[in-house]
Structures are given as structure tokens and as C-alpha cells.
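Tertiary structure, described
Each chain, letter by letter, is given below.
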Amino acid sequence: MKKYIELSTEVQQAKEEGKAIVALESTIISHGMPYPQNVKMAREVEQIVRDNGAVPATIAIIDGKIKIGLTDDELEVFGKSSDVAKVSRRDLPQIIATKQLGATTVATTMICADLADIKIFVTGGIGGVHKGAETTMDISADLEELAQTDVAVICAGAKSILDLALTLEYLETKGVPVIGYETECLPAFYTRKSEHQLNFSTNSINDIAETLKTKWELNLKGGAVIANPIPKEYALDEDYINGIIDQAIKEAKENHISGKDSTPFLLGKIKELTDGKSLDANIELVKHNAKVGTQIAVSFNKKTKMSS
Ligand code: PSU
Ligand code: MN
């Protein structure tokens, strides 16, 4: 298995020194945002991780290898290239075997982070149960991955392109903890609030790290979602963004968009309909997640070192 994995020098060194490492996904770069904002965002997020005391590991598939940590040049190529495959669990062996350029989704970033023994992963939003899933069966592989792979995902909740109630039901069935950080309800990505109450909320980074450690020491397989709301000053008006999301979903239907194209289409459409306001919000919430996620990673790393 090792032959498929390649750590960057920075990540390799962090491992040797026992430093905290934070995994970052690449689909958000290739399919979630346009160039050049995507590369700028990725670099800034990596720097936020460093500034808060951990080492960033952006994960992608390049030339038959799972890269754990990208160089600046790799990041640039990746953000610019128009033929990057969106790689979910289903696609991973094929993209590696045929040496294609691949971007890892939340699900695949979890798989790859786990292979490299990185437990904390920061992104923008997770995939979930799509609206209308009762007929389309469109349920993101991210949820199934959270059910089985021991990596915690720090995100700003999930977009209301998804059915948030069904997404929470699914996570409950699969035994995935959803922890609200400084929020009592599931944040809805562009907005700080939704009508969906969480059963575990905390203002304590330490409690989150301790909960993760306890979960995995008990051999309770699977990940966890840490939901961190977008900072107030960047949140969009709820009625405004929900109107736009409904419009985007309508256009997706009219254009018969389905499967893995669905989420990227909706993200692009929402950006277009908001004149880029959704992109600004998206970038700011990822940066905030990077800060909080790194604090969790540093705390978790200390705890696991103490007990080993
Ligand atoms: N949500 C976002 N931005 C994203 C994604 C989700 O706000 O870029 C990406 C993530 O990589 C996530 C994937 O894992 O979309 C989910 O795709 P699907 O719904 O096809 O599983
Ligand atoms: Mn899907």
C-alpha cells in the first residue's frame, strides 16, 4: 500500500517531529472554485494552518500517487488544469492506475488521510442527502465514508442545496457524531443557522479533541463532523441565498444534471447568480475552518502523544 503514497517534505518532517498535521481536500480547489481564486484560497488556508501551529497536507492524486502535501507548483498546476477528475471512493483505484490527475472529495480525502495516519481534516462543506433523494437516490459518498473512516471533518455545515434534515438523519443512523462548535444548530454553510438542532454543542476545543480521542479509543469506527459556522461578517442573508439555491436547483433539473456533476454545477450556478458573493463567503468560511480545525488538531495531537 505504501508504494501508492507520497508525503511532501514538509509533511514527512512534521511526522518525524511529531507535529500536528491537518489534511485539506482538493475538489474544493478544482471543482469548487474558479482559478485563480482557488489557488490563492488554498495557499492562504495552508498558511493559516502553519500560523496556528500545525502542518498542512493538501491531498490529491498525481501521476499514480496519492500525494499527501502539495508543492506550490503542484497546487498551481492543479488549480489551473481543466481536466482534473473528481475522485470519490468509487473512482480512486482507476485514477491511480491510469495515472490521471485527480481531485479528492471529502470521502476520498478521508480515505487518503487515514492511510497517512492523519486524523483531522478541514474543508468548506460536506456532501449529503440531496433534495429529492427519495427519487434520485443522490446521497453523497461522503456520508458513507463518515460512517466507516476514522477522520474528523471540520466544516461549516452543509449547503441548503442538500436536504439538511435527511442528512442529519443519515448521519445519526450511521453513528456519526455531529458536534456544533459555538453553535446549537447545524450551520447551513452561507448562513450561521438552520432549523436543525444538534445534540452536542460546545465552545471548547479541548472537549472536541477529547471526544474524538475517546471515540477512537473505544474502537467506535468512523468519523465525526465538527460544524463551525461562517463568521457573522461574511454570512449571507438567508432568504436571499435560499432563493438563489432554489433557482440553481431548478436549472440543474432543466439541464438534466445528475451524479457527480450535480454539486459542482450547483456551486458554479450559485456563484454566477450571486455575482461572486457566494465565492467570497465560501473562501472566508474555509479560512475560519482552517483556524478552528488546526486548534483541534494541535489539541488532539498533544493528547495522543501524552497517552502513547
Ligand atoms: N460542498 C461544497 N464545496 C465543495 C464540495 C461540497 O460546498 O467543493 C465538494 C466536496 O469535495 C464534497 C463533494 O466531498 O463536493 C461532494 O460531491 P457529491 O455531492 O457528488 O458527493
Ligand atoms: Mn451525488
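Quick look at the structure, then. Predicted model, so just to flag it, every value in this text is computed and none were measured.

Some details on helix α10 (residues 205–217)
The terminal C-alpha atoms of α10, which comprises 13 residues, lie 18 Å apart, in line with the 18 Å expected from a rise of 1.5 Å per residue. With a side-chain oxygen positioned 3.3 Å from the backbone nitrogen of asparagine 206, the residue opening α10 is serine 204. Phi turns positive one or two residues past the end of α10, at asparagine 219, with a value near 60 degrees.

As for the packing of helix α3 (residues 37–51) against helix α13 (residues 277–307)
At their nearest, the axes of α3 and α13 sit 9 Å apart, and the two run at 20 degrees to each other. Considering the angle they form, α3 stands roughly parallel to α13. Pair α3 / α13 crosses with right-handed handedness. Listed contacts from α13 to Gln37, Met41, Glu44, Val45, Ile48 and Val49 of α3 are Leu279, Ile283, Val286, Lys287, Ala290, Lys291 and Thr294. Within the contact of α3 with α13, the residues separate by chemical class into 8 nonpolar, 2 polar and 3 charged.

A few points about the pairing of strand β9 (residues 178–181)
Residues Val178 and Gly180 of β9 are buried on one face, and the alternating residues Ile179 and Tyr181, pointing to the opposite face, are buried as well. Where β9 lies against strand β11 (residues 224–227), 3 bridges are found, and the strand directions are parallel. Bridge pairing in β11 places glycine 180 opposite alanine 227.

A few points about the site of ligand 1
For ligand 1, the set of nearby residues contains 15 residues, the closest of which are Glu25, Ser140, Asp142, Lys159 and Thr263. Contact between ligand 1 and lysine 86: an oxygen atom at 2.8 Å from a side-chain N or O atom of the residue. For ligand 1, an oxygen atom lies 2.7 Å from a polar atom in the side chain of aspartate 142. Look at ligand 1: alone it shows 470 Å² of surface, and the protein chains cover 93% of it. Only α2 (27–30) and α12 (262–273) provide two or more residues apiece to the shell around ligand 1. Classifying every residue of the shell around ligand 1 by side-chain character gives 4 nonpolar, 7 polar and 4 charged.

Some points on the pattern of salt bridges
In total, this model carries 21 salt bridges according to the counting rule given. Glutamate 44 is the partner of lysine 287 in a salt bridge, and the nearest nitrogen-oxygen pair spans 3.1 Å. Note that lysine 287 is positioned in helix α13 and glutamate 44 in helix α3, a separation of 243 residues in sequence. Looking at glutamate 44, the relative accessible area reads 25%, which means it is partly exposed. Where lysine 269 meets glutamate 251, a salt bridge forms, and the shortest distance between an N and an O atom there is 2.9 Å. One end of the pair, lysine 269, is in helix α12; the other, glutamate 251, is in helix α11 (residues 238–254), with 18 residues separating them in the sequence. An identical accessibility class is assigned to lysine 269 and glutamate 251; each is buried. The structure contains a network of salt bridges with shared partners spanning Lys40, Glu44, Glu284 and Lys287.

What to know about a negative patch on the surface
Where like charges cluster on the molecular surface, the negative patch consists of Glu195, Asp237, Glu238 and Asp239. If you trace the backbone, aspartate 239 turns up in helix α11.

Digging into the packing of helix α6 (residues 106–115) against helix α8 (residues 141–148)
Between α6 and α8, whose axes approach to 8 Å, the crossing angle comes to 30 degrees. In terms of axis orientation, α6 runs roughly parallel to α8. Judged by residue contacts, Val106, Ala107, Met110 and Ile111 of α6 engage Ala141, Asp142, Glu145 and Leu146 from α8. A per-class count over the contact of α6 with α8 returns 6 nonpolar, no polar and 2 charged.

Thoughts on unusual backbone geometry
Excluding glycine, residues mostly have negative phi values, and the peptide bonds linking residues are mostly trans. Geometrically, the link from tyrosine 35 to proline 36 is a cis peptide bond, its omega value of 5 degrees lying close to zero. Along the chain, proline 36 falls in the loop between α2 and α3. For glutamate 182, which is not glycine, the phi dihedral falls at a positive 55 degrees. Position of glutamate 182 among the secondary structure elements: in the loop between β9 and β10 (201–202).

As for the layout of surface pockets
In this structure, the largest pocket encloses a volume near 750 Å³. For the largest pocket, the lining is made up of 37 residues, of which Lys86, Thr105, Ser140, Asp142 and Thr263 are closest to its centre. At the level of secondary structure, the elements contributing two or more residues to the lining of the largest pocket comprise α2, α8 and α12. Looking at the lining of the largest pocket element by element, the count peaks at 5 residues for α8.

The rules behind the values
- Residues numbered from 1 in each chain as written.
- Chains lettered and ligands numbered in written order.
- Predicted model: local features only at pLDDT ≥ 70, side-chain atom pairs only at ≥ 80, totals over all residues.
- Heavy atoms only, no water.
- Helix = DSSP H or I, 4+ residues; strand = E, 2+ residues; numbered from the N terminus.
- Expected span 1.5 Å × (residues − 1).
- Polar contact = N/O pair within 3.5 Å; in protein donor to acceptor, adjacent residues only side chain to side chain.
- Axes fitted to C-alpha atoms, helices over the stretch in contact; angles between N-to-C directions.
- Parallel < 35°, antiparallel > 145°, perpendicular 65-115°, else oblique.
- Left-handed = near helix turned anticlockwise from the far one by under 90°.
- Contact = heavy atoms within 4.5 Å.
- Nonpolar A, V, L, I, M, F, W, Y, C, P; charged D, E, K, R; others polar.
- Buried < 20%, exposed > 50% of the residue type's maximum accessible area, 1.4 Å probe, protein only.
- Pairing = 2+ DSSP bridges.
- Near = heavy atom within 4 Å.
- Areas by Shrake-Rupley, 256 points an atom, 1.4 Å probe, with all protein chains shown as cover.
- Salt bridge = Lys/Arg side-chain N within 4 Å of Asp/Glu carboxyl O.
- Patch = residues over 30% accessible without salt bridge, like charges linked within 9 Å, V, L, I, M, F, W, Y side chains within 5 Å.
- Lys, Arg positive; Asp, Glu negative; His and termini not counted.
- Charge placed at Lys NZ, Arg CZ, Asp CG, Glu CD.
- 1 Å grid on protein atoms, 1.4 Å probe; cavity = no way out; pocket = protein on both sides within 12 Å on 5 of 7 lines; lining within 4 Å.
- Points joined across faces, edges and corners; volume = space filled by probe spheres on them.

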